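Residue strings, one per chain:
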Amino acid sequence: DGGITQSPKYLFRKEGQNVTLSCEQNLNHDAMYWYRQDPGQGLRLIYYSQIVNDFQKGDIAEGYSVSREKKESFPLTVTSAQKNPTAFYLCASSRGTGTHEQYFGPGTRLTVT
Amino acid sequence: DAKTTQPNSMESNEEEPVHLPCNHSTISGTDYIHWYRQLPSQGPEYVIHGLTSNVNNRMASLAIAEDRKSSTLILHRATLRDAAVYYCILRDHDDMRFGAGTRLTVKP
């Protein structure tokens, strides 16, 4: 089946450690996105990528880094510089701009203590 | 960025229609109106989108005002599985900004 996978579903880390969240899609979509969601809040855009080897910062990119070496993969690294990393992280993809819907993965819940 | 305004919460009875409003008075001519919904601890799910004309699909209908400054998502017969947070979003280029959405409660 086509779709987006994120792993793991739950992730626990100690403060000061970098952690990389996985996002893979087999929908042949050009665009991929990372969002963060805090309890009771809407989604906030971290980074997005329109094409391989290119990505742009979203509204809350500080403390995060991404790479887009392959079309199907868009990993997100939460660095130790991110002050409040505990959150629900969602990855999405779409074929392109405004007319196209985004497909979301199941999310990774990251807890940093 | 053009923003949207939605009520924080709404209630509906099962098997009755639900009209979820969204105001977007600063919408630009190239913004598409997208609706998504999110169940607890899951990723958002696409519902419907449109530009100027009303749209229908198997999940819902989207009614867009003539001046495009507001829109309404219509669920024709609410079920318990429709209980979720519904987001109205304007999308132009590649990025998409989510607000707080409307939490829909469906009563049996």
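Everything here concerns the structure above.
Structural notes, computed from the coordinates. Keep in mind that this is a model prediction, so the values were computed, not measured. (Residues numbered from 1 in each chain as written. Chains lettered and ligands numbered in written order. Predicted model: local features only at pLDDT ≥ 70, side-chain atom pairs only at ≥ 80, totals over all residues. Heavy atoms only, no water.)

### Details of the overall build of chain B
Next, step 1: Scanning chain B from terminus to terminus reveals 0 helices and 9 strands.
Next, step 2: Scanning chain B from its N terminus toward the C terminus, one meets helices and strands in the order β-β-β-β-β-β-β-β-β.
Next, step 3: Over its C-alpha trace chain B gives a radius of gyration of 13 Å, about what one expects of a compact globule, namely 13 Å for 108 residues.
Next, step 4: Overall, the C-alpha framework of chain B stretches about 40 × 30 × 25 Å when taken along its three principal axes. (Helix = DSSP H or I, 4+ residues; strand = E, 2+ residues; numbered from the N terminus. Rg over C-alpha atoms; globule rule 2.2 N^0.38 Å.)

### Some thoughts on the pattern of salt bridges
Close approach of charged atoms allows side chains with opposite charge to pair.
Next, step 1: Taken as a whole, this structure holds 7 salt bridges over all chains when the rule is applied.
Next, step 2: Measuring nitrogen to oxygen at the nearest pair gives 2.8 Å for the salt bridge that ties Arg44(A) to Asp38(A).
Next, step 3: The class of Arg44(A) is partly exposed, set by a relative accessible area of 38%.
Next, step 4: A salt bridge links Asp82(B) to Arg37(B), with the shortest nitrogen-to-oxygen separation between them at 2.8 Å. Taken together, the residues Asp82(B) in the loop between strand S7 (70-75) and strand S8 (84-91) and Arg37(B) in strand S3 (residues 32-38) connect sequence positions 45 residues apart.
Next, step 5: According to the relative accessible area criterion, Asp82(B) is buried, its value standing at 11%.
Next, step 6: Overall, Arg37(B) belongs to the buried group, its relative accessible area being 12%.
Next, step 7: Because the salt bridges share partners, they merge into one network encompassing Arg36(A), Asp38(A) and Arg44(A). (Salt bridge = Lys/Arg side-chain N within 4 Å of Asp/Glu carboxyl O. Buried < 20%, exposed > 50% of the residue type's maximum accessible area, 1.4 Å probe, protein only.)

### Description of the interface of chain B and chain A
Next, step 1: Contacts between chain B and chain A engage 21 residues on the former and 27 residues on the latter.
Next, step 2: At the junction of chain B and chain A, the tally comes to 0 salt bridges.
Next, step 3: Linking chain B with chain A are 6 residue pairs in polar contact (both at pLDDT 80 or more), by the criterion used here.
Next, step 4: When contributions to the side of chain B that touches chain A are tallied by element, the ones reaching two or more residues are S3, strand S4 (45-50) and S8 of chain B.
Next, step 5: Broken down by element, the residue count for the side of chain B that touches chain A peaks at 4 residues, all from S3(B). (Contact = heavy atoms within 4.5 Å. Polar contact = N/O pair within 3.5 Å; in protein donor to acceptor, adjacent residues only side chain to side chain.)

### Digging into the layout of surface pockets
Next, step 1: One number sums up the size of the largest pocket: a volume of about 420 Å³.
Next, step 2: Taken together, 21 residues form the lining of the largest pocket, with Gln37(A), Asp38(A), Pro39(A), Gly40(A) and Gln41(A) sitting closest to its centre. (1 Å grid on protein atoms, 1.4 Å probe; cavity = no way out; pocket = protein on both sides within 12 Å on 5 of 7 lines; lining within 4 Å. Points joined across faces, edges and corners; volume = space filled by probe spheres on them.)

### Comments concerning the state of the cysteines
Next, step 1: A complete count under the given rule lists 2 disulfides over all chains for this structure.
Next, step 2: With a sulfur-sulfur separation of 1.8 Å, Cys23(A) is cross-linked through a disulfide to Cys91(A). Because the sign of the S-S torsion sets the handedness, a value of about -75° for the bond joining Cys23(A) and Cys91(A) places this disulfide among the left-handed ones. On the criterion of sequence distance, the pair formed by Cys23(A) in strand S3 (residues 19-25) and Cys91(A) in strand S9 (residues 87-94) is long-range, its members being 68 residues apart.
Next, step 3: Residue classification places Cys23(A) among the buried positions, given a relative accessible area of 1%.
Next, step 4: What makes Cys91(A) buried here is its relative accessible area of 0%.
Next, step 5: Disulfide pairing is shown between Cys22(B) and Cys88(B); the S-S distance is 2.1 Å. An S-S torsion of about -85° defines the bridge between Cys22(B) and Cys88(B) as left-handed. (Disulfide = S-S within 2.5 Å.)

### Remarks on the sheet that holds strand S2 (residues 18-23) of chain B
Residues and elements named next belong to chain B.
Next, step 1: Spatially, 4 strands are ordered S2-S7-S6-S5 in an open sheet, and the strand pairing comes out antiparallel. Both outer strands of the open sheet, S2 and strand S5 (55-56), are each paired with one neighbouring strand and no more.
Next, step 2: Here S5 pairs with strand S6 (residues 61-64) via 2 bridges, running antiparallel. Pairing of Val55 across the sheet is with Leu62, part of S6. (Pairing = 2+ DSSP bridges.)

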